[in-house]
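Below, each chain spelled out in residue letters.
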Amino acid sequence: MAEITASMVKELREKTDAPMMECKRALSEAGGDMAKAEEILRVKLGNKATKAAARITAEGVVAIHVANDGKLGVILEGNCETDFVAKNDDFIALVKNAAELVANKSPADVATLSALPLGAGTVESTRTALVGKIGENMTLRRFQRVEAKGRLYSYIHGGAKIGVLLDLVGGDEQLGKDLSMHIAASKPKALDVSGIDAALLDTERRIGLEKARESGKSENMLDKIAEGAVQKFLKEVTLLGQVFVKAEDGRQTIEQLLKARGASVAGFVLYVVGEGIEKKSSDFAAEVAQQAAAAAAKK
């Protein structure tokens, strides 16, 4: 049996927000497998076990550039170390200029973008000079360039921490704005089931099955209950399945809204600053004490 260390328990707790002893028991049951232990906690504790995973863990901004009467758009994320620099005008200008360059030059990736001319040098030399000036590392992390099938609408939220680029066919400006704001608020993973990883669906089906077993449901009902869990999950994570945040009856889905308005969504891009990046946490008091001790030792 794998040894369950304190660091493993701490890592699982940070990922799931579950109680320490529950994390230890789950790891023991899973034989030290972190992913399996997280599944076990999901079965026992429900969605509470995933809430910490959505926390933003890096600083920066999202920039959006829309051109050609809404037919061409770019969404780009730039990262830095602190929120202070995320508000710096020079850093914000770098990210916005980079987004415009992507629209105009269509680079294949961030490396190609970095080599493009900007100002008196290149994007990379501008970035490097800014790092030297401010004294903090910063990067252009990712971008997407979208040529619309319909018309592009965009929305930036929370001090440019969340950005949405929406390709809407039909409808009008108000619908485009409402849907963009909905995406920022509800954070769908995909437009519909075709965009959801099959492994995710298998995980939800397995969790639904185990929950049903633990609650004492009869064997002949398990598959039906598990499939119901998958359908519930899809309603939560697909844009078309989600209930519209401004629905007056609290029931109208995005799919129903679009049908009523004679419109469709060709696609969307949602960026949340720092999504998927682990930010190194630090103990400020311990750092101060360490620095004071080092200074005292030099005397």
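You'll find the structure just up there.
Since the model is a prediction, treat every value here as computed from it, not as a measurement.

Chemist: Run through the overall build of the protein, naming residues and quoting values.
Modeler: Across its full length, the protein holds 12 helices and 8 strands. Put simply, 62% of the contacts in the protein that link residues at least 6 apart link residues at least 24 apart. When the accessible surface of the protein is totalled, it reaches about 16800 Å², and 52% of it is carbon and sulfur.

Chemist: Outline the packing of helix α9 (residues 198-214) against helix α10 (residues 219-237), supporting the account with residue identities and numerical values.
Modeler: Packing of α9 against α10 brings their axes to within 8 Å, and their N-to-C directions diverge by 135 degrees. Between α9 and α10, the angle is such that the two are oblique. Pair α9 / α10 crosses with right-handed handedness. Counting all contacts with α9, which are made through Leu201, Glu204, Arg205, Gly208, Leu209, Ala212 and Arg213, the residues of α10 involved are Glu219, Leu222, Asp223, Ile225, Ala226, Glu227, Ala229, Val230, Phe233 and Leu234. Of the residues in the contact of α9 with α10, the class split is 10 nonpolar, 1 polar and 6 charged.

Chemist: Lay out the sheet that holds strand β1 (residues 59-67) in plain terms, naming residues and giving numbers.
Modeler: Strand order in the open sheet formed by 3 strands is β1-β2-β5, with antiparallel pairing between adjacent strands. In the strand order of this sheet, the two ends are held by β1 and β5 (138-147), each with one partner. Taken pair by pair, the neighbouring strands of this sheet meet at an average axis angle of 15 degrees, ignoring direction. Strand contacts of helix α5 (residues 89-105): β1, β2 (72-80) and β5, with the helix running at about 145 degrees to β2, the strand carrying the most contacts.

Chemist: I'd like a rundown of the sheet that holds strand β6 (residues 151-157), residues and numbers included.
Modeler: Spatial ordering of the open sheet is given by β6-β7-β8, a layout of 3 strands whose pairing is antiparallel. Across the chains shown, the open sheet's two edge strands, defined by having one partner strand only, are β6 and β8 (264-272). Each strand of the sheet is rotated relative to its neighbour by a mean of 15 degrees, with strand direction disregarded. Strand contacts of helix α8 (residues 173-186): β6, β7 (162-169) and β8, with the helix running at about 140 degrees to β7, the strand carrying the most contacts.

Chemist: Please provide a residue-by-residue account of unusual backbone geometry, values included.
Modeler: Even without being a glycine, Asn68 presents a positive backbone phi close to 50 degrees. With respect to the secondary-structure elements, Asn68 resides in the loop between β1 and β2. Here Asn68 falls in the exposed class, since its relative accessible area comes to 53%. Positioned with a positive phi, Asp69 is a non-glycine residue whose angle comes to about 55 degrees. The exposure class assigned to Asp69 is exposed, which follows from its relative accessible area of 75%.

Chemist: Give me the lowdown on the nonpolar core, citing residues and values where you can.
Modeler: In terms of nonpolar packing, the biggest core is built from 25 residues, with Leu76, Phe91, Val95, Leu113, Val123 and Leu140 touching the most fellow members. Mapped onto this core, the elements with two or more residues apiece are β1, β2, α4 (83-86), α5, α7 (123-134) and β5. Considering every element that reaches this core, the biggest residue donor is α5, with 8 residues. Other than its neighbours up to four places away in sequence, Val95 contacts Val61, Ala63, Leu76, Gly78 and Leu140.

Chemist: Account for the pattern of salt bridges, naming residues and giving values.
Modeler: Applying the stated criterion across every chain, the model contains 18 salt bridges. With a shortest N-O distance of 3.1 Å, Lys161 and Asp83 are connected by a salt bridge. One end of the pair, Lys161, is in the loop between β6 and β7; the other, Asp83, is in helix α4, and 78 residues separate them in sequence. Overall, Asp83 belongs to the partly exposed group, its relative accessible area being 29%. For Arg205, the salt bridge is made with Glu227, and the minimal N-O distance between the two is 3.5 Å. Note that Arg205 is positioned in helix α9 and Glu227 in helix α10, a separation of 22 residues in sequence. Connected through salt bridges with shared partners, the residues Glu59, Asp83, Lys87 and Lys161 form a single ionic network.

Chemist: Lay out the packing of α8 against helix α11 (residues 254-261) with the relevant residues and their values.
Modeler: The interhelical angle for the contact between α8 and α11, taken along N-to-C directions, is 175 degrees, at an axis separation of 12 Å. Relative to α11, the element α8 lies roughly antiparallel. Contacts between α8 and α11 pair Leu175, Leu179 and His182 from the former with Ile254, Leu257, Leu258 and Arg261 from the latter. Classifying every residue of the contact of α8 with α11 by side-chain character gives 5 nonpolar, 1 polar and 1 charged.

Chemist: Give me the packing of aromatic side chains: which residues, what numbers.
Modeler: Inspection of the entire model under this criterion finds 0 aromatic pairs. The side chain of Arg142 reaches across the aromatic face of Tyr271, ending 3.9 Å from its centre.

Chemist: Tell me about helix α2 (residues 20-29), and please be specific about residues and values.
Modeler: Burial in α2 covers these residues: Cys23, Ala26 and Leu27. The buried side chains of α2 occupy one side of the element, clustering within an arc of 100 degrees when seen end-on. One or two positions beyond α2, positive phi appears at Gly31, with a value near 65 degrees.

Definitions and limits used
Here the residue numbers are simple positions, counted from 1 along each chain's written sequence. Local features in this predicted model are restricted to residues of pLDDT 70 or higher, and side-chain atom pairs are both shown and tallied only at a pLDDT of 80 or more, whereas totals for entire chains, interfaces and linings draw on every residue. Hydrogen atoms and water are omitted, and side-chain values are computed over all heavy atoms in the structure. Here a strand is any run of E in DSSP of at least two residues, a helix any run of H or I of at least four, and the numbering for each starts at the N terminus. For this analysis, residues touch if any pair of their heavy atoms sits within 4.5 Å. Accessible surface area values rest on a Shrake-Rupley calculation with a 1.4 Å probe, where residue burial reflects the displayed protein chains alone. Every axis in this analysis is a line fitted to C-alpha atoms, fitted for helices over the stretch in contact. Angles between the N-to-C directions lie between 0 and 180 degrees. In this scheme, roughly parallel covers angles under 35 degrees and roughly antiparallel covers those over 145, while 65 to 115 is roughly perpendicular and the rest are oblique. Crossing handedness is defined as follows: a turn of the near helix away from the far one that is anticlockwise and smaller than a right angle gives a left-handed crossing, while the clockwise case is right-handed. In this classification, the charged set is Asp, Glu, Lys and Arg, the nonpolar set is Ala, Val, Leu, Ile, Met, Phe, Trp, Tyr, Cys and Pro, and all remaining amino acids, among them Gly, are polar. For two strands to be treated as a pair, DSSP must find no fewer than two bridges joining them. Each residue is assigned to one of three classes by its accessible area relative to the maximum for its type, calculated with a 1.4 Å probe on protein chains only: buried under 20%, partly exposed between the two thresholds, exposed over 50%. Side-chain atoms within 4.5 Å link the members of a nonpolar core, which is a set of buried Ala, Val, Leu, Ile, Met, Phe, Trp, Tyr and Cys residues. Basic side-chain nitrogens of Lys or Arg form a salt bridge, by our definition, when they fall within 4 Å of a carboxyl oxygen of Asp or Glu. Each Phe, Tyr or Trp ring, with Trp reduced to its six-membered ring, pairs with another whose centre is within 6.5 Å; inter-plane angles below 30 degrees give stacked pairs, above 60 give edge-to-face pairs, and intermediate values give tilted ones. Our definition puts a charge over a ring when NZ of Lys or CZ of Arg is within 6 Å of the ring centre and also within 35 degrees of the ring normal. In this context, the arc is that of the directions from the helix axis out to the C-beta atoms.

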